[in-house]
Amino acid sequence: MDFRIEPAQCVACMACVRVCPAAAIAVEGQQVRIVDEVCTRCGLCLPACPHDAIVAEGDLTRALELAIAGGAALILSVESAAYFYPATPEQLVNACYAAGFRTVNRGVLGDELVAKEYLALWADKGWGTMIRSTCPVVVKTVKTRYPELIPYLAPVATPVAAEARYLKRLYGPDTPVVYAGVCLTESGGDLDAVITYQELKVLLERRGVKPDEQAPYFTRVPEERRRHLSAAGGLPLEMLKEETQASRRFRKVRGLAALEAIARAVAVDRIDLGFVDILSCEGCLDHPLLGPREELFWRRQIVLSTEPPRAREPVVNPAVAERVRVGEAFPIHANGQKPSPDAVEAFLGQIGLAPNGRPWDCGACGFGTCRAFAQAAALGRTTLKSCPPFLDRQAQQAQLQAAVDGLTGLATFRVLRDRLASEVARSDRTGDPFAVVFVDLDHFKQVNDEFGHEAGNEVLRLAAQDCSAHIRSTDLAARYGGDEFVLVLVRTGMDGALGVADKVRSSVEATGERLGYAKGLVTASVGVAEFVPGKGPETEDVLVAADRALYRAKASGRNQVATGEESH
């Protein structure tokens, strides 16, 4: 069973990345895919995706071929009672027989085989820590993320694998075995096809079989009508009765997040935890493929009402069972690809530190720490668009870039416009005047044409410095556009503004001479206007008034300062 992402549906929102406990999502620009060899098939990405872009796929074509051939055995997990409701388990089993399966089993045989193996381990009290390995998602997560826990996995196969081996012993080694369920990460060579319940529904439709039209009783008596040793999932009932959930020898844990604490306790603190019954969720009934989480208790009630009754005697054939390998070995493999340390540090540098100088480690990206996020990003398993602190800093930088002219370092026209509006409001409120100085470089086009644009850019940068050099920190210098600059002088009247304007004019002229340009080539014309509360300018705003004064200075011969009335 595999999970994949439909490219047409995916918008690369990274919701799946934030919930994936195995960092199994590869992100390449706007393309997102699931890395099969890393994915644990936990299914958490399915409900997390708001665009229904993630689908679960099994071997439907192969399963259909085996059903048509008529010789395959089907393992139908007990959760099917909830998925196919209101059809009864009896009707569903009958429908599977009608579709062509040779025998239909409800997973009890595998549970019984595994439970017997666990009882033998339970009788030996000297093993310290043992992690129940019947949940394939837990096993895959341990193997990929917590290899230090592999020696503590109970050496027992999953119930599905054990039942598949039993059926092949019972009916012959060439008997194909199909599994229909929600939770399987890897089948090795034990299963010939794995399908989801949705795919089983499609298979029955293609075979022209409807479960709700089948007889409400077993038309063929199933071989495992009852349980003897096990509870659902292969846990021995005797263990549940003997030990409470919180005993020192038996611990019931739910959720993959607990594996980190278990790894710390076992591998670092050297604590014997006893028998650890851990599942990735509440059980298969909580798997996303079965439906919304809020329907969990409804599904549980349905399955409990269809649970097979208990048998007084074993329900597996001892002669067959003794030839079935229920034990399992979990070889320790070296960790896979590791990210480049330089790449990890580069991502950490882009994320930055919190204001107190420490890593953010907020967890909003789906990773516990910034370093874990950076390691995943370096492997292409996430992107910086999942990091809120980075995005916040990018937004601040974008605002800063929008506020500062890249060439001159002065404020942009957008900032100038907002500042003028606030200064008019403040002036009206306080009664203080303010002035606007409009500066335009003379003959700037000639500088560009004769000496090149890089020379022109240098003139612009130095002229901007001349504008900034003669104003206070409370004033504003902005690039209006091209070779035009505007100064906003707070609480300044006409006389003070004229003094600043002439200093700017003479500084620009001196800069041109210092750069070696011909006398009179690099100069500036300056226009000055004053805003007086209650007086105006009334019919034209103060920026327009300063612009008109500027053109008066140009008309009077350039390299001058002018107001609306005279030149200086």
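Going by the structure above, here's the rest.
A few points on the structure. (Residues numbered from 1 in each chain as written. Predicted model: local features only at pLDDT ≥ 70, side-chain atom pairs only at ≥ 80, totals over all residues. Heavy atoms only, no water.)

Looking at helix α5 (residues 89-98)
Note the cut-off: Buried means the residue's accessible area, taken with a 1.4 Å probe over protein chains only, is under 20% of the maximum for its type, while exposed means over 50%, and partly exposed covers the values in between. Segments assigned H or I by DSSP are reported as helices when at least four residues long, segments assigned E as strands when at least two residues long, and all are numbered from the N terminus. The contact criterion used is simple: two residues touch if any of their non-hydrogen atoms lie within 4.5 Å.
The buried fraction of α5 is high, at eight of 10 residues. Regarding α5, the residues found buried are Pro89, Gln91, Leu92, Val93, Asn94, Ala95, Cys96 and Tyr97. As for α5, its buried residues are in contact with β5 (73-76), α4 (80-83), β6 (103-105) and α9 (197-206). Backbone geometry just downstream of α5 places Gly100 in the positive-phi region, at approximately 120°.

A short note on the pairing of strand β11 (residues 274-279)
The condition that has to hold: DSSP bridges decide pairing: two strands pair if at least two such bridges lie between them.
For β11, a buried count of six out of six residues is recorded, marking the element as mostly surrounded by other parts of the structure. Pairing of strand β7 (residues 129-131) with β11 involves three bridges; the strand directions are parallel. Considered in β11, the bridge of Thr129 is made with Gly274. Two strands pair when backbone bridges link them, and strand β10 (residues 250-254) and β11 are joined in this way by five bridges, in the parallel orientation.

Re the packing of helix α6 (residues 108-123) against helix α8 (residues 159-171)
Under the convention used in this document: Convention adopted: a line fitted to C-alpha atoms gives each axis, helices being fitted over their contacting stretch, and angles between N-to-C directions are expressed from 0 to 180 degrees. Any angle between 65 and 115 degrees counts as roughly perpendicular, while under 35 counts as roughly parallel, over 145 as roughly antiparallel, and the rest as oblique. Side-chain classes follow a simple rule in which Ala, Val, Leu, Ile, Met, Phe, Trp, Tyr, Cys and Pro form the nonpolar group, Asp, Glu, Lys and Arg form the charged group, and the remainder, Gly included, forms the polar group.
One can describe the packing of α6 onto α8 by two numbers: an axis separation of 7 Å at closest approach and a directional angle of 105°. Relative to α8, the element α6 is oriented roughly perpendicular. Listed contacts from α8 to Val108, Leu109, Gly110, Asp111, Leu113 and Val114 of α6 are Pro159, Ala162, Glu163, Tyr166 and Leu167. Partitioned by chemical class, the residues of the contact of α6 with α8 number eight nonpolar, one polar and two charged.

Concerning the pattern of salt bridges
Put simply, the rule is: The salt bridge criterion pairs a side-chain nitrogen of Lys or Arg with a carboxyl oxygen of Asp or Glu, the two atoms within 4 Å.
The final tally for this structure, using the stated rule, is 29 salt bridges. Here Glu295 ties to Arg299 by a salt bridge, and the two come within 3.9 Å at their closest N and O atoms. Judged by its relative accessible area of 34%, Glu295 is partly exposed. Of the residues examined, Arg299 reaches a relative accessible area of 1% and is grouped as buried. Between Arg472 and Asp475 there is a salt bridge, and its shortest N-O distance comes to 2.9 Å. We classify Asp475 as buried; its relative accessible area is 8%. Within this structure, Arg165, Asp190, Arg325 and Glu328 form a network of salt bridges that share partners.

Topic: the environment of Asn356
Tracing the backbone through its elements, the reader meets Asn356 in the loop between α14 (341-351) and α15 (370-378). Exposure remark for Asn356: the relative accessible area of 55% places this residue in the exposed category. Each C-alpha atom of the pair Asn356 and Leu441 lies 46 Å from the other, and the pair is 85 residues apart in sequence.

Overview of the environment of Ala26
Take Ala26: it is sitting in strand β2 (residues 25-28). You can call Ala26 buried: its relative accessible area is 5%. Each C-alpha atom of the pair Ala26 and Arg381 lies 4.3 Å from the other, and the pair is 355 residues apart in sequence. Leave out the neighbours within four places in its chain, and Ala26 touches Gln31, Val32, Arg33, Val35, Gly380 and Arg381.

Describing the packing of helix α3 (residues 60-69) against α9
Our working rule: Crossings are classed by handedness, with left-handed meaning an anticlockwise turn of the near helix from the far one by less than a right angle and right-handed meaning a clockwise turn.
Look at α3 against α9: their axes get within 10 Å of each other, and the N-to-C directions meet at 40°. By the angle class used here, α3 and α9 are oblique. The hand of the α3/α9 crossing is right-handed. When α3 is examined against α9, the residues Leu60, Ala63, Leu64 and Ala67 are found in contact with a partner set consisting of Glu199, Val202, Leu203 and Arg206. Here the contact of α3 with α9 is composed, by residue class, of six nonpolar, no polar and two charged.

Side note on the nonpolar core
Keep this limit in mind: Grouping buried Ala, Val, Leu, Ile, Met, Phe, Trp, Tyr and Cys residues that are joined through side-chain atoms within 4.5 Å yields what is termed a nonpolar core.
Counting 61 residues, the largest nonpolar core has Phe101, Leu149, Val178, Leu203, Leu259, Ile262 and Ile278 as its most contacted members. When residues in this core are grouped by element, the largest group, six residues, is from helix α11 (residues 258-268). Not counting residues within four places of it along the chain, the set of residues in contact with Leu149 comprises Ile131, Val142, Leu259, Ile262, Ala263 and Val266. By size, the runner-up hydrophobic cluster in this structure holds 38 residues, among which are Phe3, Met14, Cys39 and Val344.

What to know about the sheet that holds strand β14 (residues 484-489)
As summarised here, the arrangement of the five strands in space is β13-β14-β12-β15-β16, forming an open sheet in which the pairing is mixed. Taken across any chain shown, the strands that pair with only one partner, and hence form the sheet edges, are β13 (476-481) and β16 (561-562). Here strand β12 (residues 434-442) pairs with β14 via six bridges, running antiparallel. Looking at β14, one finds that Val439 is bridged to Phe485. Against the sheet, helix α19 (residues 453-469) contacts β12, β13 and β14, and its axis sits at roughly 10° relative to β14. Sitting on the sheet, helix α21 (residues 542-555) is in contact with β12, β13, β14, β15 (523-531) and β16, with an inclination near 145° to β15.

Observations regarding unusual backbone geometry
The residue after Tyr85, namely Pro86, is reached through a cis peptide bond having omega 15°. Structurally, the position occupied by Pro86 is in the loop between α4 and α5. The residue Met14 is not glycine, and still its phi comes out positive at about 70°. With respect to the helices and strands, Met14 occurs in the loop between β1 (2-5) and α1 (15-19). Residue Met14 is classed as buried on the basis of its relative accessible area of 1%. At Arg558, a position not held by glycine, the phi torsion is positive, near 70°. By the element assignment, Arg558 lies in the loop between α21 and β16. What makes Arg558 partly exposed here is its relative accessible area of 37%.

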